[in-house]
Every structure is written in structure tokens, then in C-alpha cells.
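So the chains spell out like this:
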Amino acid sequence: MSQAILNNVEKLPADALFDIKQRFSKDPREVKVDLGIGAYRDENGKPWVLPSVRSAEKLVQEDPSYNHEYLGINGLPTLTSNAAKIILGEDSPALAEDRVISVQSLSGTGALHIAAKFISKFLPNRTLYLSNPTWANHHAIFQTQGVKTAIYSYWDSKTKSLDLEGYLQSIKNAPNGSIFVLHACAHNPTGLDPNQEQWNQILDAIAAKDHIAIFDSAYQGFASGDLNRDAFAVRLGIQKLSKVCPIFICQSFAKNIGLYGERVGCFHLVLPQQNDASANLVSIKTAVSSQLSKMIRSEVSNSPAYGAKVAAKILSTPHLTEQWHKDMITMSSRINKMRASLRDKLVSLKTPGTWDHIVGQCGMFSYTGLSPDMVERLESQHAVYLVSSGRISIAGLNDGNVDHVAKAIDEVVRNQAASSKF
Amino acid sequence: MSNWLQCSRRCFWNRTNYGTRALSSFDKIPRAPPDKILGLTEQFSKDKNAKKVNLTVGVYKDNQGLVTTFPTVAKAQKILDQDENMNSDLSYLPIIGSPAYRKSTLNFLFRDSCPESGPKLLEQERVSFVQTLSGTGALVVAADLLAQFVSRTVWIPNLSWPNHTNIFKRHGFNDVRQYSYYENGKLTVDKWIDNLKKNVKKNDGSRHCIILHACCHNPTGVDPTVEQWRKILDAVRELEMIPIIDMAYQGLVSGNPAKDAYVLRMCLDESRYGNWPHGLFLCQSFAKNMGLYGERVGSLSVVVPPNQPESKGNVESQLKQIVRSMYSSPPAYGCRVATLVLSSDDFKRDWYKDVESMVQRLLNVRQGMYDRLGWEGLINFEQQHGMFFYTGLKPHALNRLRDEYSIYMTMDGRLSLSGVNDHNIDYVCDAFKAILD
Ligand SMILES: Cc1ncc(COP(=O)(O)O)c(C=O)c1O
Ligand SMILES: Cc1ncc(COP(=O)(O)O)c(C=O)c1O
């Protein structure tokens, strides 16, 4: 009989990052460093609640109308409308022309999941292209919904820089009307973004092929400290693609407001410009919006309220917005300082190889170019923990441990060089 | 026709036809039917009648007509607010949720609520658990797991919460069936069992899931008696169906949350049913019984068959995968509050008192309406449970209530009792009497 029915449920490998965290916490060595974490840490290695968040929480909780009632299916309107302004810009033509549909999502992942569901239902049989490499979860998010994925060239491991030619070639080779997922800024895991000139070329190539762009914006303001600067690619994309096709934006407030665990984000769909007088933008918008509602209803019923209220308060209260801008500068400048510090130390140790890419990259992560063997040795010999791809979370560095990390990297690089001579 | 479509038509001639075909399918997106309750809520908020009454939504309101925070929940929030250790880390929770929440919730569900059968299941490591986005999220994750590995057929009561069908159809179930639950003001238990017996064959290799409302059936507010449940569960077990227990209103029958888990307790009674060979799924929500609606706090527990030491871990690893690609990890704030409320016996006792006073008020409303209207159903306390009463009023009567009295109910005739209070009970009952004359 089928006592055994659940036996064919196969056990999956544990999540790499969560595993690292567990090994790290069990490690008895006195000096140990966790460079796996995907969340900001302050100069003492502690989680940091943004001062703007603290103030917003207080305002939310002291509001006499505060309660736990359900939000509407499409989320908190103060959040979604202000979030659209943040990413598109106050003076965005897409907003002025009322072409944007915005719904609340469970942070960036939830927004990507909505995009995946939407694509599998309404834009089937297209291939979706992801950068090589990309955030580990991207493939799963789309494949789970039956969307066929492929990769486009991105990182040149020899030069540790952007493989622009390969990138443009991938765009050209993809069948017209394919879907491209673009990291809006602070590419994960490499930390390497195209420069403005390169973005121009990339987006022109995408437009020329009628491709559809999904912007994954998980680090706006966290990367450079400047919301507008980090939205450059998205806004250029809207300018270049608005006549061609709809644009999807998946926006997370995990990193830039530090609301990681509260799961605050938005999914925006920017409809293309309608030159034709007979095109009924309003009815297209209503239809798409109603389909999104139905979808959200079948996933979560309605989105979590608390984090959304905190974020909305920050985005809609001028003095909190101002504080938030300062908070983002605090985070991004500490990260940049640590990048420089690590690079400088490696240079002064004369560690074999070049290390300028650490400073050239931005956001939470750096793709060091360390091999899996070196990563293993970092953990076993030096209690420095990172993922096997060689990606380090810069947020895990601080003045107290950067020396140790630099010396550890130096040792494993030299060790490898020595052993490869035999 | 939209311009973007025409543009890609033009492109069609210039280039290839890939883009065109798919873009036009985007343009043909039809409008999905609007959510009925929300439409009414919108209309209600525009209604200028000072006496207007909203009896549509399933959210508890106090005697002043306000949605308030339970005193115990407010106390927990205050503690969280003031404790540096508890409020200085907003990092991600693990994919399957907070370990502290898991521990407290499993305790509440399998020790407090099922003291006889539950502890053993926990000790034998037979419960896979994941924190979910309230009850809805639990159903979604359960549906994804089942559809992937076990079954794509589910039986849903007729009538039921409309989102049940929506969820299962959109999460891999290609065979969504209905069993008879309620007709002409009465439960149809015999027909229900008959539906199952005629259509479910236990040896033909197909496996069938069945949704059971644990208590306070939505929308009718009418539950089977314990005797009837026994007959129903006997059939469900006999046919080797997979029970999905939807427990969204635990505590709203008696005021005592642990006590209200009687359907779960009956299912887990080993002396009667042994084990559930294909697993048992419990979808649980703290939305209504802690008033944490919008914070999205709930859980899915999967009770796996015995003597399969791998199953619990395997199932959990799959649940993790499902969550990871859907939303990465669950929201933290509400779960921190719930964990605190469940953390000590004192806290739990206070919480139970909050639930009790909510239920007491709902019973008073039933009694008050009965006194004015004489509708027996209102005080059939053995079977009529929770925040809803099914009036049986037809659309034309409901339209009149709305148009003439600004009393809003859903078009199926469901009345949300918590919208009635000392200030409007006479008005509401007089209106009912007037339109029924
Ligand atoms: C590229 C990228 N996209 C999306 C996300 C989504 O994160 P969240 O769901 O926490 O917003 C992340 C987080 O690590 C990311 O790196
Ligand atoms: C029968 C039933 N199941 C599940 C739910 C889920 O609610 P939530 O997702 O808010 O916990 C509800 C809520 O109305 C319900 O009535």
C-alpha cells in the first residue's frame, strides 16, 4: 500500500548561505569572520536598524488609527505610489502619462515571483535570459513557474570586468521578443555594473530586438548612497524601451531601508506609450491590474502590513525621507571604505594578482576571483567564511577584522601558487 | 488596439515574427472578475447615509465598531518595542521561518490543542513545519507540495471560501471537485459522504485531497456536530483521502483556542484512525484569533506517516524550496508578536481571555438579534459558530437592504456578526423585518 507515498519526496541540498551561518556559529575559534551574510552590518559587526526606521516605527505605532487590519489585495497605496516615484523619478513621463501599475510584493523575491507568474500566463513560450553569473535564486524563481531560462554573457573572469561584447552578442542572438533580466545596480554576485555608456549600448540592443526588460532593483541607494544615480539604468531603460514594449520592475526595500525580514517591495509594470488615439490605456491598465489582483489573492491574499507601513511612512514624511537619505550614505560609505581598506592591505602585502576590482565594484558584494579551493582553505585555516564562488559580503568587514581577512587571503593565494608549482 | 502592438506589427515586417505573436497575447489580457467584497467595501465608503452598516468583511470589530488590537497583543508589542535585544535586528528570517515561532506554534498546536496524540508526533519527529503567510500562505504551500508529489485532485465543500478554488487551481491542481455541504439552510452530511463514496476509489491509484473547515465554516457559519464529524472522518479515512484541515478560526467557537481544535484531535486519534497513510495537512492562521490579520502569521504542519524517518526532513526541504522561489522568507514582525504571546503560560492565559471576550460579544449579538427577529438559527449554538451567519436572504432582498437602508452584506447572504453592535442592532433588525414583511 502507499504508506510510502511521501518517500519519493527527494531531499534537497541545504541552502548554502544558511549552512555557512550554521558552521560559523559552531566554530570555536576566537577570531572568525562571516563574509557570507547578505545583510548590512555596522562597524561593530552588528545588524543596524536605520535611524529613519526607528523614527518611522514610532510614528506608525503612535498613530491612533494603527491596527492590524488586512491591507488591500494590491497593497498599501501610500507605499506603492511613493515607491514608483523613487524608482522612476518624480518627473517620470511614465508616471505623468499614467502608464504605471504598481502593486505591493513580498520584497524583491515576491516581485520577481509575480513577474514569473505573469510571464508564464501571458507571455508564454519566450526564453528568459539571466546574466552569467547571477543571484542564485533567479533561475529557481522563473523555472518553478515553467519559464524557460538561458544565460547571457556578463563577467569576464580573466579580466575581472564586464564582457560587453559577449553581452551584446547574447542580446543579438536571442530570438526577438525574448525577456532579459537586468540588475538595476550593484549586480549580485559580481558587484560589477555596466557604466553609463555601456548601458546605452545594452539598452539600444535590447530595443532593437523587441526584447522585454525586467529590472531587478534590489540595491537602489544602497550601492552609491544616491537613489537617482542607482536608478540610472532603469530610467534610461524606460526612455529607450517605452515605445517598444512593457517593462517590469521588481523593487526591494530589504537593503536600502534595511527591512530585510519584513519583506517590503513592489512590482511595477510600465505599459508602453500609446500614440494611437484608439488605444484605450485605461482599459488595458484596468485589465492588467485586475489580473495581478487575482494572482496575488491566490498567493498571499494580501501583503504583510507592518513593514509596508514603516516604509511608507519614511517615503511620505519629508524629514524621515531626509534622514533615510543620510542613512543610505552612512551604509554605502562604510562599504566603500572597507573595499578600499581590503584592496590597500592586499596591495601592501604584495598578494599575487590584481585587486583593484574590489574597489571598482559596488553594493554589498565583491567577486574576488578566489577559487573554491582557496575558499575552503580560508574557512579551514583562517575561520573566514564565504560562498564557494568566491563572493564576499563587504558588509561583513570592519576595521577590527579586515587585517585578519587580508592576511588570510594572502596566505591562501600564496599557498595555491606554491602548491601549483609541483 | 494598443500602439505597442502596432509597433511590433511594423517590426514584424521588418524583422522576424517572434515578438509580435507574444505581444499580442499580452494585449488580449481580459479583465479578471473583481473581488466581490472589496467592491462592496468601496461602495460602502462612498455611501453618505450616517446610519450605514458594513456587514461584509471577516474582521472582528468591537462594540464601538472599531478594529482594535487585542490587549495581550498590544502588551506583546510594547515589550518588543522596548527591548533592545528583540528589536535591534531586522535581518532575514530563515526560509522556513523563525525557530522560536516554530517551537511555540508547534507547542500550541500539538501539545496544548492535542494533548493526547500530539506530543508523541513531535517526539517521533513526524511533523514537518513551515511558517507561512497566514492561512492563505499555508494553503498555497500545501497545494504546491501536493501537486508536485502526491495529488492534483481536491474536494472543496459547496459552499466554501471562494479563494479555495482560486488557490488550488492556480497551484497545480487540475481536478477541483465539490462535495455537497449545505443546501436550503441545512447541512447535507449524508449527501457529502455519498459524493465521496461514489467518486473516490481507494485502490485505483488516484489520490484525492479534501479540504475540511476545522470550525466556523466560511461562509455558512454552520459546522457538523461531533457525531457527524465522526461519520465524515470515517469515510475520509476509509477512502484514504488526504485531509487538508483549514483552521482559520480556532477559538471562535468556544472562546478557548485549544478546545476548538476538535477536528484535528479527532483526525489524530490513533485508536480510531491509525495513521493517515498519505499524510495530513494542517493550515493554521493567527489572523482571526490573535487579530493579526494584515501581519500574515500562520503555519503549515504536515503530519507524515510513521516509520519513515526520512520523510519529515525530505518534506521540509521541499517546503523550503517552494518558499525560496516564491518569497525567500516570511515576514518577521507579526511572528515576533505571536511568538511572544505564545511564549509563556501567563501570556497565553491572557490571550485566551481576549479570545473569550471576543466570542462572548459575538454570542451576545446572536442573542440580541434572536430576541428581535426570532431566527432560531442564530442561537443553535451546537452548530452555528464564529463570526458569520448565513441569512438565506436572496439578492433582491440584499439589494433593498443596501439601497434603502445602507446595510451592506455579500450577495450570498452572509452576515458578518461583528459589524452589529449596541448602537445599530435595532436599526439592522428593524430593516430586516421591514424587507421581509
Ligand atoms: C539581485 C537580487 N535580486 C533580488 C533580491 C531579493 O531580495 P529580497 O527578496 O530580500 O528583497 C536579492 C537579494 O539578495 C538580490 O541580490
Ligand atoms: C476558510 C478560510 N480559510 C482561510 C482563510 C485565510 O485567511 P488568512 O490568510 O488571512 O489567514 C480564511 C480567511 O478569511 C478563511 O475564511
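Bear in mind the structure is a predicted one, so any value in this text is a computation, not a measurement. (Residues numbered from 1 in each chain as written. Chains lettered and ligands numbered in written order. Predicted model: local features only at pLDDT ≥ 70, side-chain atom pairs only at ≥ 80, totals over all residues. Heavy atoms only, no water.)

**Topic: the domain arrangement of chain B**
Residues and elements named next belong to chain B.
- Once the domains are mapped, chain B shows domain 1 (37-70 + 347-436) and domain 2 (92-343).
- Domain 1 and domain 2 are separated by 28 Å when their C-alpha centres are compared.
- At the junction of the two partners, domain 1 supplies 25 residues and domain 2 supplies 35 residues.
- Taken together, domain 1 and domain 2 are joined by 1 salt bridge.
- Counting the contacts that link domain 1 with domain 2 gives 9 residue pairs in polar contact (both at pLDDT 80 or more).
- Secondary-structure elements contributing two or more residues to the side of domain 1 that touches domain 2 are α16 (345-373) and β11 (388-390).
- Sort the elements by how many residues they give to the side of domain 1 that touches domain 2 and α16 lands first, with 9 residues.
- Tallied by class, the residues present in the side of domain 1 that touches domain 2 amount to 15 nonpolar, 5 polar and 5 charged. (Domains from an automatic or database assignment. Contact = heavy atoms within 4.5 Å. Salt bridge = Lys/Arg side-chain N within 4 Å of Asp/Glu carboxyl O. Polar contact = N/O pair within 3.5 Å; in protein donor to acceptor, adjacent residues only side chain to side chain. Helix = DSSP H or I, 4+ residues; strand = E, 2+ residues; numbered from the N terminus. Nonpolar A, V, L, I, M, F, W, Y, C, P; charged D, E, K, R; others polar.)

**With respect to the pairing of strand β2 (residues 100-106) of chain A**
Residues and elements named next belong to chain A.
- Most of β2 is tucked away: 7 of the 7 residues are buried.
- Here β2 shows a buried face lined by Val 100, Ser 102, Gln 104 and Leu 106 and a second buried face lined by Ile 101, Val 103 and Ser 105.
- Bridge count between β2 and strand β10 (residues 264-270): 7 bridges; the pairing is antiparallel. Pairing of Val 100 across the sheet is with Val 270, part of β10. (Buried < 20%, exposed > 50% of the residue type's maximum accessible area, 1.4 Å probe, protein only. Pairing = 2+ DSSP bridges.)

**Some points on the pairing of β10(A)**
Residues and elements named next belong to chain A.
- By the criterion of burial, β10 is predominantly enclosed, with 7 of the 7 residues buried.
- Of the two faces of β10, the one lined by Val 264, Cys 266, His 268 and Val 270 and the one lined by Gly 265, Phe 267 and Leu 269 are each fully buried.
- Of the strand pairs in this sheet, strand β9 (residues 247-252) and β10 are connected by 6 bridges, and their pairing is antiparallel. Counted as the bridge partner of Gln 251 is Cys 266 from β10.

**Some details on the site of ligand 2**
- Around ligand 2, a shell composed of 14 residues is seen, among which A:Tyr70, B:Ser134, B:Thr136, B:Asp246 and B:Ser285 lie nearest.
- Site remark: ligand 2 is flanked by residues from chains A and B.
- In this structure, an oxygen atom belonging to ligand 2 sits 2.7 Å away from a side-chain N or O atom of B:Tyr249.
- Here an oxygen atom of ligand 2 and a side-chain polar atom of B:Ser285 are 2.6 Å apart. (Near = heavy atom within 4 Å.)

**Focus: the UniProt feature "domain: Aminotransferase class I/classII large" (unreviewed entry) in chain B**
- Annotation from UniProt places "domain: Aminotransferase class I/classII large" (unreviewed entry) at residues 51-432 of chain B.
- For residues 51-432 of chain B, the helix share is 43%, the strand share is 14%, and the end-to-end C-alpha distance is 15 Å. (UniProt positions renumbered as here; feature names shortened; annotations may be inferred.)

**As for the site of ligand 1**
Residues and elements named next belong to chain A.
- Around ligand 1, the structure places 14 residues, and the nearest of them are Ser 107, Thr 109, Asn 188, Asp 216 and Ser 252.
- Contact between ligand 1 and Thr 109: an oxygen atom at 2.5 Å from a side-chain N or O atom of the residue.
- In this structure, Ser 252 approaches ligand 1 through a side-chain N or O atom, which is 2.6 Å from an oxygen atom.
- Protein burial of ligand 1: of its 390 Å² of free accessible surface, 95% is covered by the chains. (Areas by Shrake-Rupley, 256 points an atom, 1.4 Å probe, with all protein chains shown as cover.)

**Quick word on the sheet that holds strand β2 (residues 127-132) of chain B**
Residue and element names in this part refer to chain B.
- With respect to topology, 7 strands assemble into an open sheet ordered β2-β10-β9-β8-β7-β3-β4, the strand pairing being mixed. In the strand order of this sheet, the two ends are held by β2 and β4 (175-180), each with one partner. When the angles between neighbouring strand axes are averaged without regard to direction, this sheet yields 20 degrees.
- Summarising the sheet, strand β3 (residues 153-158) and β4 pair through 6 bridges and their orientation is parallel. Along β4, the bridge assignment pairs Val 154 with Val 176.
- Helix α10 (residues 189-199) contacts β3, β4 and β7 (209-213) of the sheet and is inclined by roughly 140 degrees relative to β4. (Axes fitted to C-alpha atoms, helices over the stretch in contact; angles between N-to-C directions.)

**Brief notes about the environment of B:Ser418**
Residue and element names in this part refer to chain B.
- Structurally, Ser 418 can be placed in the loop between β13 (414-416) and α18 (425-436).
- Overall, Ser 418 belongs to the buried group, its relative accessible area being 1%.
- In this structure, the C-alpha to C-alpha distance between Ser 418 and Lys 61, residues 357 residues apart in sequence, is 5.3 Å.
- Beyond its immediate chain neighbours, meaning those up to four positions away, Ser 418 contacts Val 59, Tyr 60, Lys 61, Arg 361, Leu 362 and Met 387.
- Looking at Ser 418, its side chain comes within polar contact range of the main-chain oxygen of Val 59, at 2.9 Å.

**Let's talk about the state of the cysteines**
- One pass over the full model with this rule turns up 0 disulfides over all chains.
- Summary of cysteine pairing: B:Cys216 is not part of a disulfide, and the nearest cysteine sulfur, belonging to B:Cys215, is at 4.1 Å. (Disulfide = S-S within 2.5 Å.)

**Some remarks on the packing of helix α2 (residues 51-62) of chain A against helix α13 (residues 318-348) of chain A**
All names here are of chain A.
- With their axes 8 Å apart at the nearest point, α2 and α13 run at an angle of 150 degrees to one another. Judged by the inter-axis angle, α2 sits roughly antiparallel to α13. Here α2 contributes Pro 51, Ser 52, Ser 55, Ala 56 and Leu 59 to the contact with α13, which in turn contributes Leu 320, Gln 323, Trp 324 and Asp 327.
- Among the residues forming the contact of α2 with α13, the class breakdown is 5 nonpolar, 3 polar and 1 charged. (Parallel < 35°, antiparallel > 145°, perpendicular 65-115°, else oblique.)

**A few points about the interface of chain B and chain A**
- In this complex, chain B contributes 87 residues to the contact, which on the side of chain A involves 90 residues.
- Between chain B and chain A the total buried area reaches about 7,500 Å² when both faces are included, carbon and sulfur atoms providing 55% of it.
- Run the count over chain B and chain A and you get 1 salt bridge.
- Where A:Glu262 meets B:Arg336, a salt bridge forms, and the shortest distance between an N and an O atom there is 3.1 Å.
- Of all the secondary structure elements, the ones that give two or more residues to the side of chain B that touches chain A are α1 (3-14), α2 (18-27), α4 (71-82), α5 (84-87), α8 (134-149), α9 (163-169), α14 (311-326) and α15 (333-341) of chain B.
- Of the residues forming the side of chain B that touches chain A, the biggest block, 10 residues, is contributed by α14(B).
- Along the lines of polarity and charge, the residues of the side of chain B that touches chain A split into 40 nonpolar, 32 polar and 15 charged. (Buried area = accessible area lost by both parts, 1.4 Å probe.)

**Some thoughts on the pattern of salt bridges**
Residue and element names in this part refer to chain B.
- Summed over the entire model, instances satisfying the criterion amount to 33 salt bridges over all chains.
- Residue Lys 348 pairs with Asp 112 through a salt bridge whose shortest N-O separation is 2.6 Å. Placement of Lys 348 in helix α16 and of Asp 112 in helix α6 (residues 99-112) is noted, with a sequence separation of 236 residues between them.
- By relative accessible area, which is 10% here, Lys 348 ends up buried.
- Across the pair Glu 404 and Arg 400 runs a salt bridge whose closest N-O atoms are separated by 2.9 Å. Of this pair, Glu 404 and Arg 400 both sit in helix α17 (residues 395-405), 4 residues apart, which is roughly one turn of the helix.

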